[in-house]
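Structural features, examined
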Amino acid sequence: MLGPASRTYFEHYFSRLKEYYDVETEKVVKRLILEVARKEPVAKEELYKLFLTESKGDKGDMPGSKFSHIMGDIENDFYVTYDFDRKSYSFFTKILKDWWLRLRPGGDVDMELYEYNPALLAPQVLKEILTGRDSELQDIESALENASKGGSFAHTLFIGPRGIGKTHILQIVNLAIKGEIDVKGISEFKDYYIPVIFAEEEYASDITQFTKLILRYLPEQYRFGILDKIASVRIITDKEKEIAVAFLETFKKKTSKILLLLIDNLNDILESFTDEDKSILRNILMTSNSVLLIGAAPSFFDSIINHEEPLYNFFMARKISDLDFGDTKALLNKCAHLSDTDRNNLTEAITRSEAKLKAIFMLAGGNPRLVMSLYHIIADGDVASVELMFLKILNQLTPYFRERMKDLSEQQRKIVDVMTRESTLLTPTEMAHICQLPVNTVNTQIKRLEEIGFVRKASKIKGGKVLYDINERLFSLWRQMRIEAGRTRLEFIIRFLEIWYSPEELMDRLDKTLDDIVEAIRCKDNELASKIDTLWYFKKASSYKVANPKDVDIELLDKIISKCKTKGETPDNLLQAIDEITNHIPDKYYASMIKGYSLRKNGYYDLAVIAFEKATEINHDNYEAWLFLANSYRHLNKSNSALEALKKADTLNPSDYNVLLQLGKAYFGLNEYDKALESFNNVLILAPNNSGAWYACAFIYIIREQNKKAMEVLRNMSQLSSFNESLLLLIRALVRRHNLSRIS
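Just so we're clear, the structure is a prediction, and the values are computed from it rather than from any experiment.

1. Concerning a nonpolar patch on the surface
The grouping of Y657, I685 and L686 at the surface amounts to a nonpolar patch, some 300 Å² of accessible area in total. Along the chain, the position of L686 falls in helix α38 (residues 673-686). Looking at L686, the relative accessible area reads 42%, which means it is partly exposed.

Right, dumping it as structure tokens:
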């Protein structure tokens, strides 16, 4: 529905606005519609503020009236709809919203879509963002010129990984030959060719189906009724094949023009052909002078590299290289120019950050898809959406990469797997050691992998040793994603953040994300996950260090808990926020401990009990978890539960006087004074100056009216450097209360 076939229908909604408004008002209206498409629902008040800003002071005598009139118009024309209860605007239909975001002919480009489907972008936008492909266009120009002048037909095949720009190049050629854009050197040949461009995913199992596809894409006047002759036939016979072949062979005689076939993923089509059909196609392309084929494939494939195949060494194969740094920077600047955000700020950020961009370039390489993702981070700072974008790309590539792995031998798969897992480049000797294969075997397999475009020489090191790298960076990321299987997020994003932001900026982003999380909990539950992902990335990338790194986690949790407490959040929402912070911590025992510690410190003792109980399940033999669990129980007046936990802690670590102190308090709460005194006295053996233990002993003696012992304790307490005068006054008051005036 969003493809070229429906373009005319959707463009009507864009172009008809010119009929209703003057030039300036038309721009304002389009901007308002775009805002609704991007952020729906949008509050009426927020949209009105945008109207005032976009109008640039020319609002007439009654701006509110003009705004209402415009919104009424676009609502009546089925662009947007108004929700009276929420006082907000949304798009009338989802498909129209998607089109408005993606196509917007003559308007702003949606950069995200570029990475997936260039065919949906406006022709001029496609031309403007084409960067670093001059040599490829020169090859095409040369092929077009030679064929048009009666020379040889140089059937060309561009080889390059997904995202490198193959589809983009084919679209440029198609549009230039059609006359929709002017590309110097290619547009000059538009009178000699009839272009037919296949969609990225096309399937034709034989030469007849292949011809059917061509006929469907051709304008009616160039079909000569042939499609009707072969389209309705269920079973293809030799007769239909003869008709299809004759059509291709005689196309130039009938039209005086050459049929220019632009076929992406040509490998998918040729690999499904029989040897006979491949031979027929080769014969047509070699002898008829009617068809020029320019194709693309993600890698070299059997039909063109196997010397036993009919099409072996037939195409002029041309590898598409990554963009260099200059082209990468140029592409980013073009994105900034086309963006509807503050282009001056974006351009300035790109210029100011050239050193950082170079570091990112070394990290991500010159794959246009990765460059466009880099643009998103610069423009939006939206790390979570970038991760989502990467995962979407990699998920789409799963069938392709999986099939490529299947095509490899067991030894080759083992080598590739090691190369993608390791954080540094390896020599064949190092690979052999990790794979437990003979070095000669690894060298042989590496050479074969290099021949089929899977790996490449990266650089030489001292002693003439060679390092190898995976040729496709997207494949490395895909393999990482498949290996980790959701246990970690993409390290590429973390490295980017470490390079792009200063430590202070990272901490600022952490603080802002924390505020966003609290807000998401309060009123935007569906946004919580993306906010948490953003927090995780900034937290992981931050170079902020303290003496005890655990304190950082506790500070984050304390801030979350404090804000949730202030805003009266429910326990479930509070736990959800905390879990999202702590779930990424590899040490689950530690995660449960800091969760419980922060909850207890902020007065959520019942929730703290749950966290500490989880910690004791994970590590049953760590006395600290039992100690904190007991403390939380005691605040809930669950004396028996606290006592059992303390007994466990004391068994695990009998030399910790804090455990003994808490144990004494638990016995005291149960009126078991003898056991309490035993515990407090054991504390004083380990820590003679512990005033809390002295106080507890004195208090028990007073309750039991053991006057002399109480007096002795008070005298000992008065000698302590940490003695608190107010504590002594309290004890004296208790003595008087029990009629022990002689002691006082």
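2. Some thoughts on the packing of aromatic side chains
Considering all chains together, one arrives at 15 aromatic pairs under this definition. Arranged with centres 4.7 Å apart and planes meeting at 45°, the rings of Y82 and Y89 form a pair that is tilted. The exposure class of Y82 is buried, given its relative accessible area of 15%. Each ring, one from F668 and one from F699, has its centre 5.8 Å from the other, and the planes form 50°; the classification is tilted. One end of the pair, F668, is in helix α37 (residues 657-669); the other, F699, is in helix α39 (residues 691-703), with 31 residues separating them in the sequence. One aromatic cluster in this structure is built from F198, F210, Y217 and F273.

3. Some points on the packing of α38 against α39
Packing of α38 against α39 leaves a shortest axis separation of 9 Å and a crossing angle of 150°. Comparing the axis directions of α38 and α39 gives the class roughly antiparallel. With respect to the hand of their crossing, α38 and α39 are arranged in left-handed fashion. Contacts from Y673, A676, L677, F680, N681, V683 and L684 in α38 reach A693, W694, A696, C697, I700, Y701 and I703 in α39. Along the lines of polarity and charge, the residues of the contact of α38 with α39 split into 13 nonpolar, one polar and no charged.

4. Quick word on helix α3 (residues 23-39)
Along its 17 residues, α3 runs 25 Å from first to last C-alpha, staying within 8% of the 24 Å computed at 1.5 Å per residue. Three or more residues of α3 are buried, namely T25, E26, V28, V29, K30, R31, L32, I33, L34, E35, V36 and A37.

5. Structural notes on the pattern of salt bridges
The full count for this structure, using the stated rule, is 14 salt bridges. Where K49 meets E45, a salt bridge forms, and the shortest distance between an N and an O atom there is 4.0 Å. You can see K49 and its partner E45 sitting in helix α4 (residues 44-55), four residues apart, about one turn around the helix. By relative accessible area, which is 56% here, E45 ends up exposed. Among the salt bridges present, the one from R133 reaches E136, with a minimum N-O distance of 4.0 Å. We classify R133 as buried; its relative accessible area is 4%.

6. Re the pairing of strand β7 (residues 291-297)
Buried residues dominate β7, accounting for seven of its seven residues. With four bridges joining them, strand β4 (residues 156-159) and β7 adopt parallel strand pairing. Residue pairing for β7: T156 is matched across the bridge by I294. Inspection of the sheet shows strand β6 (residues 258-263) paired to β7 by five bridges, in the parallel sense. If you follow L260 over to β7, its bridge partner there is L292.

7. Some points on a negative patch on the surface
A cluster of acidic residues, D268, E271, D302 and D407, forms a negative patch on the protein surface. Turning to its location among the elements, E271 is positioned in the loop between α15 (266-270) and α16 (275-287). With a relative accessible area of 40%, E271 lands in the partly exposed category.

8. Details of the sheet that holds strand β3 (residues 88-91)
If you walk across this open sheet you meet the three strands as β1-β3-β2, and the pairing is antiparallel. Strand pairing shows two members of the sheet lacking a second neighbour, β1 (42-43) and β2 (80-83), which therefore form its edges. Pairing geometry for β2 and β3, over four bridges, is antiparallel. Within the sheet, the bridge partner assigned to D83 lies in β3 and is S88. Running at roughly 115° to β2, helix α5 (residues 63-76) makes contact with β2 and β3 of the sheet.

9. Section: the packing of α37 against α38
Relative orientation of the contacting elements α37 and α38 amounts to 160°, with a least axis distance of 8 Å. In terms of orientation, α37 lies roughly antiparallel with respect to α38. In the packing of α37 onto α38, the handedness of the crossing is left-handed. Across the interface between the two elements, Y657, L660, L661, L663, G664, K665, Y667 and F668 from α37 touch Y673, K675, A676, S679, F680, N682, V683 and L686 from α38. Across the contact of α37 with α38, the residue classes tally to eleven nonpolar, three polar and two charged.

10. Considerations on helix α9 (residues 134-148)
For α9, built from 15 residues, the straight-helix expectation of 21 Å at 1.5 Å per residue is met to within 8% by its first-to-last C-alpha distance of 21 Å. Buried within α9 we find E136, L137, I140, A143, L144, A147 and S148. Taken end-on, α9 shows its buried residues confined to a sector of 125°, consistent with a single buried face. Exposed side chains of α9 directed beyond 90 degrees from the buried face belong to D134 and Q138. Trailing α9 by a residue or two, G150 shows a phi angle of about 85°, which is positive.

11. A word on the pairing of β4
Residues T156 and F158 point to one face of β4 and L157 and I159 to the other, with burial holding for every one of them. With four bridges connecting them, β4 and strand β8 (residues 316-319) associate as parallel partners. Bridged to I159 within β8 is K319.

12. Describing the environment of E141
Take E141: it is sitting in helix α9. Given the relative accessible area of 27%, E141 is considered partly exposed. E141 sits 45 residues away from I186 along the chain, and the two C-alpha atoms are 5.5 Å apart.

13. Overview of the sheet that holds β4
Taken together, five strands build an open sheet; the order of strands is β5-β6-β7-β4-β8 and the sheet is parallel. On the outer flanks of this sheet lie β5 (193-197) and β8, each paired with one strand and no other. Taking the axes of each pair of neighbouring strands and ignoring which way they run, one obtains an average angle of 15° across the sheet. Pairing between β5 and β6: five bridges, direction parallel. By the bridge assignment, V196 is partnered in β6 with L261. Relative to β6, helix α11 (residues 207-217) is tilted by about 105°, and along the sheet it contacts β5 and β6.

14. A closer look at the confidence of the model for the protein chain
Looking at the protein chain, the pLDDT average stands at 75 and 68% of residues meet or exceed 70. Taking the mean pLDDT of every element in the protein chain, the minimum, 38, falls on helix α7 (residues 111-114) and the maximum, 95, on β6. In this model, residues 104-116 is a region of pLDDT below 50 whose contacts with residues beyond four sequence positions or in other chains number 49 contacts. Contacts from residues 543-553, a stretch scored under 50 in pLDDT, to residues over four places away or in other chains number twelve contacts.

Conventions used here
Residues numbered from 1 in each chain as written. Predicted model: local features only at pLDDT ≥ 70, side-chain atom pairs only at ≥ 80, totals over all residues. Heavy atoms only, no water. Patch = residues over 30% accessible without salt bridge, like charges linked within 9 Å, V, L, I, M, F, W, Y side chains within 5 Å. Areas by Shrake-Rupley, 256 points an atom, 1.4 Å probe, with all protein chains shown as cover. Salt bridge = Lys/Arg side-chain N within 4 Å of Asp/Glu carboxyl O. Helix = DSSP H or I, 4+ residues; strand = E, 2+ residues; numbered from the N terminus. Buried < 20%, exposed > 50% of the residue type's maximum accessible area, 1.4 Å probe, protein only. Phe/Tyr/Trp six-rings, centres within 6.5 Å; stacked < 30°, edge-to-face > 60°. Axes fitted to C-alpha atoms, helices over the stretch in contact; angles between N-to-C directions. Parallel < 35°, antiparallel > 145°, perpendicular 65-115°, else oblique. Left-handed = near helix turned anticlockwise from the far one by under 90°. Contact = heavy atoms within 4.5 Å. Nonpolar A, V, L, I, M, F, W, Y, C, P; charged D, E, K, R; others polar. Expected span 1.5 Å × (residues − 1). Pairing = 2+ DSSP bridges. Lys, Arg positive; Asp, Glu negative; His and termini not counted. Charge placed at Lys NZ, Arg CZ, Asp CG, Glu CD. Arc of directions from axis to C-beta. pLDDT = per-residue confidence, 0-100.

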